[in-house]
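# Summary of structural features
The primary structure of each chain is shown beneath.
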Amino acid sequence: MSIATVIQDYCETDTENRDHPPVGRVLFVGPQKRAPMAAALSECGFAVDRCPTATEALHRLQQEKITMVVTGGGGGGRAARTVLRRLRESTHHAHVPVVWLGAQGDDEDALLRQGVSLFLRAPFPVQHLVATAMFAI
C-alpha cells in the first residue's frame, strides 16, 4: 500500500467526523500561493493558518499551539529565514518541525544545518507534506 493510499484513506475517513477539534495546526509563512497544500491539510483535519510576514508568524506562534511550520523560498525567503532562526533559538518552540518548500537557488544542506526539518523541492506530491504533518502530531 502506498503512502498516497494511506493518506487518502485517512483523509476520507476523517471528513465524516468534522465536528471534532483539528488534529493539529499548521502555520504557512510567506506568500499566499500555497492554497492547494493548505486545502489538502484542511481536508485531513488540520487547522491551517497563513501569515505573510515573519512578525505575524512569530506572534501567532506565541498565541497558538502550532504542530508544524511550512515556509520556504519563492518570495517568502526573508520571512521564512527569520521565522526559522527565531524558532530554533526559542526554548518553547525549538521542537516545532519546519518544512521548507525549496525554490531555485535554495541551498538544501545549509538550510538543514540551520534547523529545517524537511526540505521539499518542487515539484513534489502534496501527500509528502500531509504525511509530514501527520507524523508531526
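Description of the structure in this document. (Residues numbered from 1 in each chain as written. Predicted model: local features only at pLDDT ≥ 70, side-chain atom pairs only at ≥ 80, totals over all residues. Heavy atoms only, no water.)

### Side note on the overall build of the chain
- When helices and strands are tallied, the chain shows 6 helices and 5 strands.
- Traced from its N-terminal end to its C-terminal end, the chain shows the element sequence α-β-α-β-α-β-α-β-α-β-α.
- Here the chain holds 137 residues, and the buried ones make up 44% of them.
- When contacts within the chain are restricted to residue pairs at least 6 apart in sequence, those whose partners lie at least 24 apart make up 59%.
- Counting only carbon and sulfur atoms, one obtains 52% of the accessible surface of the chain, whose full area is about 7500 Å². (Helix = DSSP H or I, 4+ residues; strand = E, 2+ residues; numbered from the N terminus. Buried < 20%, exposed > 50% of the residue type's maximum accessible area, 1.4 Å probe, protein only. Contact = heavy atoms within 4.5 Å. Areas by Shrake-Rupley, 256 points an atom, 1.4 Å probe, with all protein chains shown as cover.)

### Section: the sheet that holds strand 1 (residues 24-29)
- Here 5 strands make up an open sheet; going across it, the order is 2-1-3-4-5 and the pairing parallel. Strand pairing shows two members of the sheet lacking a second neighbour, strand 2 (46-51) and strand 5 (118-121), which therefore form its edges. On average, each strand axis in the sheet is inclined to that of its neighbour by 20 degrees, with strand direction left out of account.
- Bridge analysis of strand 1 against strand 2 gives 6 bridges, and the strand direction is parallel. Among the inter-strand pairings, Phe28 is bridged to a residue of strand 2, identified as Arg50. (Pairing = 2+ DSSP bridges. Axes fitted to C-alpha atoms, helices over the stretch in contact; angles between N-to-C directions.)

### Re the side chain of Asp106
- In this structure, Asp106 sits in the loop between strand 4 (98-102) and helix 5 (108-113).
- Judged by relative accessible area, which is 13%, Asp106 ranks as buried.
- There is a polar contact of 3.0 Å between the side chain of Asp106 and the side chain of Trp100.
- Contacts of Asp106, omitting those with residues within four sequence positions, involve Gly73, Arg81, Trp100, Leu101, Leu111, Phe119 and Arg121. (Polar contact = N/O pair within 3.5 Å; in protein donor to acceptor, adjacent residues only side chain to side chain.)

### Observations concerning the nonpolar core
- With 20 residues, the main nonpolar core has Leu27, Val29, Leu61, Val69, Val83 and Trp100 as its most contacted residues.
- Among the elements that take part in this core, helix 4 (residues 77-89) stands out by supplying 5 residues, more than any other.
- Within the second largest apolar cluster, 17 residues are counted, among which are Val26, Ala40, Leu41 and Leu120. (Core = buried A, V, L, I, M, F, W, Y, C linked by side-chain atoms within 4.5 Å.)

### Some details on the side chain of Thr132
- Within the secondary structure layout, Thr132 lies in helix 6 (residues 126-136).
- Take Thr132: its relative accessible area is 18%, and that puts it in the buried class.
- In this view, Thr132 contacts Met68, Val99 and Leu118; residues no more than four positions away in its chain are not counted.

### Things to note about the pattern of salt bridges
- Scanning the model with the defined rule gives 5 salt bridges in all.
- In this structure, the salt-bridge partner of Asp106 is Arg81, at a minimum N-O distance of 3.9 Å. Within this pair, whereas Asp106 is found in the loop between strand 4 and helix 5, its partner Arg81 is found in helix 4, the two being separated by 25 residues in sequence.
- Arg85 is the partner of Glu89 in a salt bridge, and the nearest nitrogen-oxygen pair spans 3.8 Å. (Salt bridge = Lys/Arg side-chain N within 4 Å of Asp/Glu carboxyl O.)

### A look at helix 4
- Helix length check: helix 4, at 13 residues, gives a terminal C-alpha distance of 18 Å against a target of 18 Å (1.5 Å per residue), a fit within 8%.
- By the burial criterion, the buried members of helix 4 are Ala79, Ala80, Val83, Leu84 and Leu87. Buried residues of helix 4 fall within an arc of 130 degrees about the axis and therefore sit on the same side. Pointing more than 90 degrees away from the buried face of helix 4 are the exposed residues Arg78 and Glu89.
- Where helix 4 is buried, its residues contact strand 1, helix 3 (54-63), strand 3 (68-72) and strand 4. (Expected span 1.5 Å × (residues − 1). Arc of directions from axis to C-beta.)

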